[in-house]
Amino acid sequence: LGAGSVRNHARIASQFLRWCADEGLIARVPVRTGDVPRAPEPNPRPCTPEQVRELLNRCRGGHWRDARDYALITTLLETGLRRAELCAMTVGHALSGVVVLPGKGGRSVQAFLSKPCQDAIRRYLRAYRTQTGRVLGENDRLWRARNRAPLTPSGVLRILYRRSAGLPEHISPH
């Protein structure tokens, strides 16, 4: 188990033992607060410029999914959005260049898309329309899966794993 999992299991056991003590099932809690291991500090490594170039080069192709992946990765790199926030983007957000979404913990997330990022999204939408015959409306979710349904956060992760295969490390957003 990883250090975070060990901490979670220890906290659950500690809460259970406190409940047992409160209910009079045990005389005292045998675990002290300091006995629970600390959560590990996250240590994400940023992508190198070479990794970013290689990742984007792998999205060069003629299929709408190649254009989607290029635009999606560009958007992630530029905005720092979480996967769920990215999946909540609509066509209207992309075309306006301003993304305002409810984020994690009830906070609002705001991101701005540069012209190159917007151009990549427009290429994706054009390829999607041309190759599928479907036009996405302004309120439709922007990112589409292979089956043309809205992309899910786990789908974003699968795309990144597939595109980063063979690189020294898998690329993963939040």
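The rules behind the values
Residues numbered from 1 in each chain as written. Predicted model: local features only at pLDDT ≥ 70, side-chain atom pairs only at ≥ 80, totals over all residues. Heavy atoms only, no water. Salt bridge = Lys/Arg side-chain N within 4 Å of Asp/Glu carboxyl O. Helix = DSSP H or I, 4+ residues; strand = E, 2+ residues; numbered from the N terminus. Buried < 20%, exposed > 50% of the residue type's maximum accessible area, 1.4 Å probe, protein only.

Draft legend 1. Inspection of the pattern of salt bridges at higher detail. Overall, the coordinates contain nine salt bridges when judged by the stated rule. Put simply, Asp69 and Arg163 hold a salt bridge, and the shortest N to O gap is 2.8 Å. On the criterion of sequence distance, the pair formed by Asp69 in helix H3 (residues 64–79) and Arg163 in helix H7 (residues 153–163) is long-range, its members being 94 residues apart. Residue classification places Asp69 among the buried residues on the basis of a relative accessible area of 0%. Look at Arg163 and you get buried, because its relative accessible area is 11%. Salt-bridge contacts for Asp119 lead to Arg122; the nearest nitrogen and oxygen are separated by 3.9 Å. Pair noted here: Asp119 and Arg122 are both in helix H6 (residues 115–132), with a separation of three residues, about one helical turn. When its relative accessible area of 24% is taken as the criterion, Asp119 is described as partly exposed.

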